[in-house]
Amino acid sequence: QVQLVESGGGLVQPGGSLRLSCAASGFTFSRYAMSWYRQAPGKERELVAYISLAGGSTNYADSVKGRFTISRDNAKNTVYLQMNSLTPEDTAVYYCNARAPATTRNYWGQGTQVTVSS
């Protein structure tokens, strides 16, 4: 049974930091590229950060470059998103995604709420 379980969301003040985690199970984690997406109220889901299978390649949305860092630990089947200098515009539900290259295998977590507010 495939599972992606996000954690680490919550309420934080502007300028603060949060670290999201996504624990994977039920599939071979190291064979999947991992991404974080987010969806704010009334907006479409958008890609925030991407990391390749072994972690050697990362990409970020322009809006989070220099503030967010994606990483993965294949030994722990976990992907992380370190978020610094948070602003109210970062408020959204954050979703973990796993995608196996050159296949249709694509899995989503249930999401974790991040709220940035004073």
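Our subject in this report is the structure included herewith. (Residues numbered from 1 in each chain as written. Predicted model: local features only at pLDDT ≥ 70, side-chain atom pairs only at ≥ 80, totals over all residues. Heavy atoms only, no water.)

Quick look at the nonpolar core now. Grouped together as the largest cluster of nonpolar side chains are 30 residues, with contacts concentrated most on Met-34, Trp-36, Val-79, Leu-81, Met-83 and Tyr-94. Of all elements in the fold, only β3 (18-25), β4 (33-39), β5 (46-51), β7 (68-73), β8 (78-83), β9 (92-99) and β11 (112-116) reach the threshold of two or more residues within this core. Dropping the residues within four chain positions of it, Met-83 is found in contact with Gly-16, Ser-17, Leu-18, Leu-20, Arg-67, Phe-68, Tyr-94 and Val-114. (Core = buried A, V, L, I, M, F, W, Y, C linked by side-chain atoms within 4.5 Å. Buried < 20%, exposed > 50% of the residue type's maximum accessible area, 1.4 Å probe, protein only. Helix = DSSP H or I, 4+ residues; strand = E, 2+ residues; numbered from the N terminus. Contact = heavy atoms within 4.5 Å.)

On to the pattern of salt bridges. Applying the stated criterion across every chain yields a total of four salt bridges. Ionic pairing is found between Arg-38 and Asp-90, a salt bridge with its closest N-O pair at 2.9 Å. Remark: Asp-90 occurs in the loop between β8 and β9 and Arg-38 occurs in strand β4; sequence separation between them is 52 residues. Summarising the burial analysis for this pair, Arg-38 and Asp-90 share the class buried. As a salt-bridge pair, Asp-90 and Arg-67 come within 2.8 Å of each other at their nearest N and O atoms. Of this pair, Asp-90 sits in the loop between β8 and β9 while Arg-67 sits in the loop between β6 (58-60) and β7; the two residues are 23 residues apart in sequence, bridging distant segments of the chain. Per residue, the accessibility class of Asp-90 equals that of Arg-67, and both read buried. Put simply, Arg-38, Glu-46, Arg-67 and Asp-90 are held in one network by salt bridges that share partners. (Salt bridge = Lys/Arg side-chain N within 4 Å of Asp/Glu carboxyl O.)

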